[in-house]
Amino acid sequence: MSLININTPAAKLNRPTGLRGLFYDIRSWVDGEVVTGNQLRDDQLLFDTETASFDLIAPELIEDRTIYIVDQTGGTLYPKVSNVAATAKSFETFASLEDAAEAAMDKSHDSVALVLNIDLIVDMNDAVEQLIAVKLALPDVPVIICSRTFSKNNFSLQRRAIADASLRLPCTDVSLALAIESGILNNKNRRI
């Protein structure tokens, strides 16, 4: 991770101005790249991840939701999601996207959100095809995809054909909370 010190003259000169500068600062903070003048070491945490939780954002978005987590056995997504989304109705883990999609078809679509580690799917072309099929079959289910191969987090609708938000792994609790919130809101906005 490259850390950006926003208090140096060089950083201030390279920072975009106006609204783009504000978005640049927010994106850098969410991606975990910002350090303040008080943080001089690269190994210091940017915030206390032990106390970060979904109530920083919008707990009402997930109060009635079951969150399906698709990850390998003993993966890191389940502990992180259950810590961040503590106000969710429940959590269920699945070993494959197919199993999670079948379970979601049996439930009311508005009550499920899917957090998926796509690194489990070996062939990326196969992953895209599976995600398109899930989005077509379950358009009301927010899909948040996670991968170590992503260069950055993307909480926009840029990948809307396959997902409502994407998250680079490993992730911080705050970026995971933002991904879940953005995925749910993007899914709602896409349907309007």
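Quick summary incoming for the structure in this document.

Rules used throughout
- Residues numbered from 1 in each chain as written.
- Predicted model: local features only at pLDDT ≥ 70, side-chain atom pairs only at ≥ 80, totals over all residues.
- Heavy atoms only, no water.
- Buried < 20%, exposed > 50% of the residue type's maximum accessible area, 1.4 Å probe, protein only.
- Helix = DSSP H or I, 4+ residues; strand = E, 2+ residues; numbered from the N terminus.
- Arc of directions from axis to C-beta.
- Salt bridge = Lys/Arg side-chain N within 4 Å of Asp/Glu carboxyl O.
- 1 Å grid on protein atoms, 1.4 Å probe; cavity = no way out; pocket = protein on both sides within 12 Å on 5 of 7 lines; lining within 4 Å.
- Points joined across faces, edges and corners; volume = space filled by probe spheres on them.
- Nonpolar A, V, L, I, M, F, W, Y, C, P; charged D, E, K, R; others polar.
- Pairing = 2+ DSSP bridges.
- Axes fitted to C-alpha atoms, helices over the stretch in contact; angles between N-to-C directions.
- Contact = heavy atoms within 4.5 Å.
- Patch = residues over 30% accessible without salt bridge, like charges linked within 9 Å, V, L, I, M, F, W, Y side chains within 5 Å.
- Areas by Shrake-Rupley, 256 points an atom, 1.4 Å probe, with all protein chains shown as cover.
- Lys, Arg positive; Asp, Glu negative; His and termini not counted.
- Charge placed at Lys NZ, Arg CZ, Asp CG, Glu CD.

1. Focus on helix α3 (residues 77-84)
- Looking at α3, one finds that the buried residues are L77, V81 and V84. Angularly, the buried residues of α3 cover 70° about the axis, an arc narrow enough to put them on a single face.

2. A few points about the environment of I180
- Looking at the element boundaries, I180 is found in helix α6 (residues 173-191).
- In sequence terms I180 and I144 are 36 residues apart; their C-alpha atoms lie 6.7 Å from each other.

3. A closer look at the pattern of salt bridges
- Overall, the coordinates contain two salt bridges when judged by the stated rule.
- Of the charged contacts, one joins K135 and D164 as a salt bridge, the two residues approaching to 2.7 Å between their closest N and O atoms. Placement of the pair is K135 in helix α5 (residues 124-137) and D164 in the loop between β6 (143-147) and β7 (165-168), with a sequence separation of 29 residues.
- Since its relative accessible area comes to 7%, K135 is described here as buried.

4. Considering empty space enclosed by the protein
- Considering all chains together, one arrives at one cavity of 30 Å³ or more under this definition.
- Taken as a whole, the largest cavity encloses approximately 40 Å³ of empty space.
- Elements with a contribution of two residues or more to the lining of the largest cavity: α4 (97-106) and β5 (112-117).
- Ranked by residues supplied to the lining of the largest cavity, first place goes to α4 with three residues.
- Residue composition of the lining of the largest cavity, by class: nine nonpolar, no polar and no charged.

5. A word on the sheet that holds β7
- The sheet built from five strands is open, its strands ordered β4-β3-β5-β6-β7 with parallel pairing. Both edges of this open sheet fall to β4 (90-94) and β7, since each of them pairs with a single strand only. Recorded for the sheet is a direction-independent mean angle of 20° between the axes of neighbouring strands.
- Helix-sheet contacts for α3 involve β3 (66-70), β4, β5 and β6, and the interaxial angle to β3 is about 160°.

6. What to know about a negative patch on the surface
- Judged by side-chain charge, E98, D99, E102, D106, D123, D126 and E129 come together as a negatively charged surface patch.
- Taken together, the elements giving at least two residues each to the negative patch come down to α4 and α5.
- No other element matches α4, which puts four residues into the negative patch.
- Inspection of the secondary structure puts D99 in helix α4.

7. A few points about the pairing of β5
- In terms of burial, β5 is a largely internal element, six of the six residues being buried.
- What you see with β5 is no split at all: V112, L114 and L116 on one side and A113, V115 and N117 on the other are buried throughout.
- Across five bridges, β3 lies against β5 in parallel orientation. What sits directly across from I67, in β5, is A113.

Take it as geometry only, folks, not as evidence of what the structure does.
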